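Okay, here's what each chain looks like letter by letter:
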Amino acid sequence: MAQKKAISGFSKLTSGQKTEWLRDIYELPAEQLETISKHLHPDPQLQSLYSEFSENTISNFFIPFGLAPNFLINGRWYVIPMAIEESSVVAAAAHAAKFWSAHGGFRATVTGPVKIGQIHFHWNGSASLLTGVFRRNREKMIHTMDPFTESMRKRGGGIKNISLVDLSDNLNEFYQLHVEFNTADAMGANFINTVLEELAKVWKAEVERQAKVSDRPGELEITMAILSNYTPESRVNIWLETGVDALGSFDKQMSGRTFAEKFVRATEIATIDPYRAVTHNKGIFNGMDAVVIATGNDFRAVEACGHAYAARDGRYRSLSKAQITGETFRFELEVPMSVGTVGGLTSGHPMAQTSLKILQNPSAEALMMVIAAAGLANNFSAVRSLITSGIQQGHMKMHLTNILRQLGVDEKTKKEAVEFFKERTVSYTEVKSFIQDKNR
């Protein structure tokens, strides 16, 4: 059987009914149906909770939850929880953290917890009337939102500023209200969007009221009111610093200075070449995303913000940079992000709550530092591999493990295969051939 028309009311079906529909319409094999069933949580209450996090849930897609120890950040020790399916990421983070813990650790600062919301609108009347209405009513509009911001203001947050932006030269009759928020330890997306939608109503009513009593009429149409995931004013800067001689242990063929010079050159390539920069920054987000997911934050928003920042001067560049000053090597990362430690999934998901406990209940700013540390650690490990043994040596170990798992070999054969492929190139064909030869 095949689907011949759109299905109505799919979301109203139970999880079991959805699975049955999938089985009947798309002829899903029994093996896949069993897999779906096996990945449901055995605790009905927990499964009900997980199902509510999304729509049309029929099962769970598990991602390994690992730990990267030995992170020393601003003099404080952390073991960092990471949710990711690529084991080399956790291993790379832990390896870099251990090395740098003996060389001063990570140092980090956070710049301003400012988050942005925008009200996009069209106005076909006088620009000077619009400007005058805004200037006279700016403070009043902020205070009109007091009922919606009261709880956030008690935590030190709320609306910090509103500005009127004229973009009519770029798009006919187009303007914005650009609203700055502080959401304290919450990511604050729902709070920001609620305030923006209410503020849009107040703004439209006030402008149109003023237009009616003036000799310069006009109509204001709200297009949308929504937060921006681009938060360049809310940045974390994190760096590692040591003498160049300390870097001499990574490759027997290189002195510490040679290693440092080659490392700097590699980051410079990622600064001038967007093809390299994308992969370079992807390595940073390998580490960052894993912590963002583990703590119940929005990795898509963090990535979008970071990539926009990487292209802020019109060309996509590396988010990290390295330099040598005298005998000192410095490697640093600056990246904007918006994360929270209260509210949303951070408070609703049991594993996210556990992650935050492991991180000693950090503030949002402290979590930003931890996330950035994981990103810089992975970036360091990746570049280190690239300029020494090559990236494939570490990856191939993981690749070999995955192939052996697929082939279903026993532990004895696994150990023999690992030893055999120590100095050989790993491929599915070669591994399969090795196993077949062993079984003859």
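Residues numbered from 1 in each chain as written. Predicted model: local features only at pLDDT ≥ 70, side-chain atom pairs only at ≥ 80, totals over all residues. Heavy atoms only, no water.

**Q** Is there a simple way to think about the nonpolar core in this case?
**A** The nonpolar side chains of a soluble globular protein tend to be buried, and buried together. In this structure, Phe71, Met82, Phe329 and Met337 are the most contacted members of the largest nonpolar core, which totals 64 residues. Broken down by element, the residue count for this core peaks at 13 residues, all from helix α13 (residues 364-387). Not counting chain neighbours up to four residues away, the residues in contact with Phe71 comprise Arg76, Trp77, Tyr78, Ile80, Ala93, Ala97, Phe106, Ala373, Ala374 and Ala377. Of all hydrophobic cores here, the second largest spans 31 residues; its members include Leu129, Ile159, Val179 and Leu227. (Core = buried A, V, L, I, M, F, W, Y, C linked by side-chain atoms within 4.5 Å. Buried < 20%, exposed > 50% of the residue type's maximum accessible area, 1.4 Å probe, protein only. Helix = DSSP H or I, 4+ residues; strand = E, 2+ residues; numbered from the N terminus. Contact = heavy atoms within 4.5 Å.)

**Q** How should the sheet that holds strand β9 (residues 320-325) be read in this particular structure?
**A** In a beta sheet, neighbouring strands are held together by backbone hydrogen bonds and run either parallel or antiparallel to one another. One open sheet accounts for four strands, arranged β3-β8-β10-β9; its pairing is antiparallel. The open sheet is flanked by β3 (107-111) and β9, the only strands paired with a single partner. For this sheet, the mean angle separating the axes of adjacent strands, direction not counted, is 20°. The pairing of β9 with strand β10 (residues 328-336) spans six bridges and is classified as antiparallel. Residue pairing across strands places Thr325 opposite Thr328, the latter belonging to β10. Set on the sheet, helix α10 (residues 299-310) makes contact with β8 (235-243) and β10; between it and β10 the angle comes to about 120°. (Pairing = 2+ DSSP bridges. Axes fitted to C-alpha atoms, helices over the stretch in contact; angles between N-to-C directions.)

**Q** Whenever I open this one, the pattern of salt bridges confuses me. Can you help?
**A** As a working rule, side chains carrying opposite charge can pair if their charged atoms are close by. According to the stated counting rule, one finds 17 salt bridges in the structure shown. Between Glu241 and Arg330 there is a salt bridge; the shortest N-O distance is 3.0 Å. Of the two residues, Glu241 is situated in strand β8 and Arg330 in strand β10; the sequence distance between them amounts to 89 residues. The exposure class assigned to Glu241 is partly exposed, which follows from its relative accessible area of 38%. Given a relative accessible area of 19%, Arg330 falls into the buried group. Salt bridges sharing partners connect three or more residues here, namely Glu241, Arg330 and Glu332. (Salt bridge = Lys/Arg side-chain N within 4 Å of Asp/Glu carboxyl O.)

**Q** Whenever I open this one, a nonpolar patch on the surface confuses me. Can you help?
**A** Side chains of Phe65, Leu67 and Met351 sit close together on the surface and give an oily, nonpolar patch of about 250 Å² of accessible area. Following the sequence through the fold, Met351 ends up in helix α12 (residues 350-358). (Patch = residues over 30% accessible without salt bridge, like charges linked within 9 Å, V, L, I, M, F, W, Y side chains within 5 Å. Areas by Shrake-Rupley, 256 points an atom, 1.4 Å probe, with all protein chains shown as cover.)

**Q** What's the story with the sheet that holds strand β4 (residues 114-123) in this structure? I'm lost.
**A** Taken in spatial order, the four strands line up as β5-β6-β4-β7 in an open sheet, and their pairing is antiparallel. With partners counted over all chains shown, the strands left at the sheet margins are β5 (158-166) and β7 (220-228), one partner each. The mean inter-strand angle of the sheet, taken between neighbouring strand axes irrespective of direction, is 20°. As defined by bridge partners, β5 adjoins strand β6 (residues 174-182) across eight bridges and the pair is classed as antiparallel. The residue bridging Ile159 from the neighbouring strand is Phe181, located in β6. Helix α7 (residues 189-212) contacts β4, β5, β6 and β7 of the sheet and is inclined by roughly 160° relative to β7.

**Q** Explanation requested: the packing of helix α6 (residues 146-154) against α7 in the structure shown.
**A** Relative orientation and spacing of two packed helices are given, respectively, by the angle between their axes and the distance between those axes. Relative to each other, α6 and α7 sit at 150°, their axes nearing to 10 Å. The orientation of α6 relative to α7 falls into the category roughly antiparallel. Viewed along their axes, α6 and α7 form a crossing whose handedness is left-handed. The residues of α7 that touch α6, namely those facing Phe148, Thr149 and Met152, are Phe191, Thr194, Val195 and Glu198. Partitioning the contact of α6 with α7 into residue classes produces four nonpolar, two polar and one charged. (Parallel < 35°, antiparallel > 145°, perpendicular 65-115°, else oblique. Left-handed = near helix turned anticlockwise from the far one by under 90°. Nonpolar A, V, L, I, M, F, W, Y, C, P; charged D, E, K, R; others polar.)

**Q** Just checking my understanding: could you explain the environment of Ser389 for this structure?
**A** Along the chain, Ser389 falls in the loop between α13 and α14 (391-407). Ser389 gets classed as partly exposed once you look at its relative accessible area, which sits at 45%. Between the alpha carbons of Ser389 and Phe250 there is a distance of 9.5 Å; along the sequence they are 139 residues apart.

**Q** Looking at this structure, how should I read the side chain of Ser59?
**A** Following the sequence through the fold, Ser59 ends up in the loop between α3 (44-52) and β1 (65-73). On the accessibility criterion, Ser59 (17% relative accessible area) is buried. A polar side-chain atom of Ser59 sits 2.7 Å from the main-chain carbonyl oxygen of Ile36. Look past the residues within four positions of Ser59 in its chain and what remains in contact with it is Ile36, His39 and Leu40. (Polar contact = N/O pair within 3.5 Å; in protein donor to acceptor, adjacent residues only side chain to side chain.)

**Q** Help me understand the environment of Glu52 in this model?
**A** Summarising the element assignment, Glu52 is placed in helix α3. A relative accessible area of 61% places Glu52 in the exposed class. Measuring from C-alpha to C-alpha, the distance between Glu52 and Ala200 comes to 31 Å, with 148 residues separating the pair along the chain.

**Q** I'm lost on the side chain of Thr57 in this one. Help?
**A** Within the element layout of this structure, Thr57 appears in the loop between α3 and β1. Within the structure, the side chain of Thr57 is placed 3.2 Å from the backbone oxygen of Ser51, a separation counted as a polar contact. Thr57 has contacts with Ser15, Gln47 and Ser51, leaving out every residue within four places of it along the chain.

**Q** How should the packing of helix α15 (residues 411-420) against helix α16 (residues 428-439) be read in this particular structure?
**A** Running from N to C, α15 and α16 point in directions that differ by 125°, and their axes come no closer than 11 Å. One way to sum up the angle between α15 and α16 is to call them oblique. Crossing angle aside, the handedness with which α15 passes α16 is right-handed. Along its contact with α15, which presents Thr413, Glu416, Ala417 and Phe420, the element α16 presents Phe434, Ile435 and Lys438.

**Q** Mind showing me how you'd approach the pairing of β3 here?
**A** Regular strands place side chains that alternate from one sheet face to the opposite one. Residues Ala108 and Val110 point to one face of β3 and are all buried, whereas Arg107, Thr109 and Thr111, pointing to the other face, are not buried. One ladder, built from five bridges, connects β3 with β8; its direction is antiparallel. Across the sheet, residue Ala108 finds its bridge partner in β8, namely Ile238.

On their own, these measurements won't tell you what the molecule is for.
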